[in-house]
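Single-letter residue listing:
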Amino acid sequence: MPQFDFSQALPQILWLTLVFGLLYLAVRGLYPRVEKVVENRKARIGADLKEAEAAHQAAEAATSGGAAALADARARALAVTGKARDAAAATTQRKLADADAGLGATAEAAAKSLGQQRETAIAELDSIAADAAVELVKRVSGLEVSNDEAAKAVKKVAA
Amino acid sequence: MANPLEQFEIKRYAELSVAGADAAFTNASLFMLLVLGITLLFFWLGSRNPQLVPGRWQAALEGVTGFISGMVDENIGPKGRAFVPFVFSLFIFVLVANLVGLFPYSFTVTSHIIVTFAFAALIFLVCVGVGLWKHGLHFFSLFVPENTPIVLMPLIVLIELISFLSRPLTLSIRLFANMTAGHILLKVFAGFVISLAAAGGALAAISVLPFAMTVAFYGLELIVAVVQAYVFALLTCIYLNDSINLH
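Being a predicted model, the structure only gives us computed values, none of them experimental.

Draft legend 1. Geometry of the interface of chain A and chain B. Taken together, the contact pairs 32 residues of chain A with 50 residues of chain B. Both sides of the chain A and chain B interface together cover about 3,700 Å² of buried area, and 76% of this is carbon and sulfur. It is Q12, W15 and Y31 of chain A in chain A that bury the most area against chain B; as a group they hold 19% of the surface buried on that side. At the surface where chain A touches chain B, the tally comes to two salt bridges. The shortest N-O distance in the salt bridge between R81 of chain B and E35 of chain A comes to 3.2 Å. Linking chain A with chain B are 14 residue pairs in polar contact (both at pLDDT 80 or more). Of the residues in the side of chain A that touches chain B, the class split is 23 nonpolar, four polar and five charged.

This is the structure we're talking about:
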């Protein structure tokens, strides 16, 4: 086996020392450059992720703020409409009460005037009856009765 | 039939010597340089124009570096950060060498025990050095597990010492044996295809079977190439963790 022919060992060891020495020096010089690129990328990705997280949180805060504003506006709107409804109801009530009162007064006045008219009419009835009595007496007996007498007589009868 | 061991032969392309030592430029040297070149190309493609959203090469490179960084973090912890380039260099070297070795006519650097043992010895020395540097002589408490009865102490320490000293052997032999065995099997089955086809007639028709076998083994070898690189890096992490955190 050529591997066990150690007469050829020395040049291999010498060349290996030279080549591996060069390789090690080259790697020692080049390796940090590669690692730096990787590290920069890692840092960049980390920073980007942090930024995205911050943006996400800001968006979330904005969303919840919007929701709060929405709820607030809704509550305010409800309050305003409620007040308006109450005010409208109160106005209606008042108008209704006014109208009721007006109607009552009118009805009372009407009833009063009706009563007066009836009284007047009843009062006139007596004079009409006296007139009729005068007329009747004249036609039946040919006697002239004065209106006053007739009125007295009517009053006596009516009483 | 072609010799299945021929692929492991060291071919000397140019004679060189450094301070009197034999430093010939061989096919092993060539493929080590190729591994280095591919790794540098990978880094260049993956980091020449870094984007926030990575392209294909950038994603591939960052996938591998992230994989090794994660492995070190998981097995050693924050104290292991300084060893990430070391573990990554081992992982990428073994991985690329294993994968390059799967190309026909190529040479597998990691199929040579001298290479894998050199790596294992380096890891062993780094572990011992880091342990002594970080904990001084207290490092040797690694061989004395907590709550060991005094009676069993000598035996336990001996076992722990043997298991510690055998680490470079197991580490190197595991990788070497996996790569060598896989490549021999591939070569043997591929040789069957040629032999049967050359025999002609009915035998040529049967050559489909070893061909299918070769394809299946090739897929398996791809997995082995990646898994062995992973195991090598993972064990390095575990050994380093022992030295840094002392259990």
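Draft legend 2. Molecular detail of the environment of S172 of chain B. Residue and element names in this part refer to chain B. With respect to the helices and strands, S172 occurs in helix α6 (residues 167–199). Using a relative accessible area of 1% as the deciding quantity, one classes S172 as buried. Not counting chain neighbours up to four residues away, the residues in contact with S172 comprise T116, F117 and A120. Within the structure, S172 has its side chain in polar contact with the backbone oxygen of P168 (distance 2.8 Å).

Draft legend 3. Fine view of the packing of helix α4 (residues 113–135) of chain B against helix α8 (residues 208–245) of chain B. Residue and element names in this part refer to chain B. At a minimum axis distance of 8 Å, the contact between α4 and α8 shows a crossing angle of 20°. Taken together, the axes of α4 and α8 are roughly parallel relative to one another. Viewed along their axes, α4 and α8 form a crossing whose handedness is right-handed. Side by side, α4 and α8 meet where F119, A120, I123, V126, C127, V128, V130, G131, K134 and H135 of the first sit next to F232, T236, Y239, L240, S243, I244 and N245 of the second. Here the residues of the contact of α4 with α8 sort into 11 nonpolar, five polar and one charged.

Draft legend 4. Seen up close, the UniProt feature "transmembrane region" (unreviewed entry) in chain A. Mapped onto this structure's residue numbering, the UniProt feature "transmembrane region" (unreviewed entry) falls at residues 12–31 of chain A. In residues 12–31 of chain A, the share of helix is 100% and the share of strand is 0%. The end C-alpha atoms are 27 Å apart.

Draft legend 5. Main features of the packing of aromatic side chains. Residues and elements named next belong to chain B. Applying the stated criterion across every chain, the model contains 22 aromatic pairs over all chains. Between the aromatic rings of F124 and F164, the centroid separation amounts to 5.3 Å while the plane-to-plane angle is 50°, which identifies the pairing as tilted. Here F124 is found in helix α4, whereas its partner F164 is found in helix α5 (residues 153–165), with 40 residues between them in sequence. Of the two residues, F124 and F164, neither departs from the other in class, the shared state being buried. Ring centres of F139 and F140 lie 5.7 Å apart, and the angle between their planes is 55°; on these two criteria the pair is classed as tilted. Note on F140: relative accessible area 39%, which makes it partly exposed. Ring pairs connect the aromatic residues F124, F139, F140, F143 and F164, which therefore count as one cluster.

Here is what the cut-offs are and how they apply
- Residues numbered from 1 in each chain as written.
- Chains lettered and ligands numbered in written order.
- Predicted model: local features only at pLDDT ≥ 70, side-chain atom pairs only at ≥ 80, totals over all residues.
- Heavy atoms only, no water.
- Contact = heavy atoms within 4.5 Å.
- Buried area = accessible area lost by both parts, 1.4 Å probe.
- Salt bridge = Lys/Arg side-chain N within 4 Å of Asp/Glu carboxyl O.
- Polar contact = N/O pair within 3.5 Å; in protein donor to acceptor, adjacent residues only side chain to side chain.
- Nonpolar A, V, L, I, M, F, W, Y, C, P; charged D, E, K, R; others polar.
- Helix = DSSP H or I, 4+ residues; strand = E, 2+ residues; numbered from the N terminus.
- Buried < 20%, exposed > 50% of the residue type's maximum accessible area, 1.4 Å probe, protein only.
- Axes fitted to C-alpha atoms, helices over the stretch in contact; angles between N-to-C directions.
- Parallel < 35°, antiparallel > 145°, perpendicular 65-115°, else oblique.
- Left-handed = near helix turned anticlockwise from the far one by under 90°.
- UniProt positions renumbered as here; feature names shortened; annotations may be inferred.
- Phe/Tyr/Trp six-rings, centres within 6.5 Å; stacked < 30°, edge-to-face > 60°.

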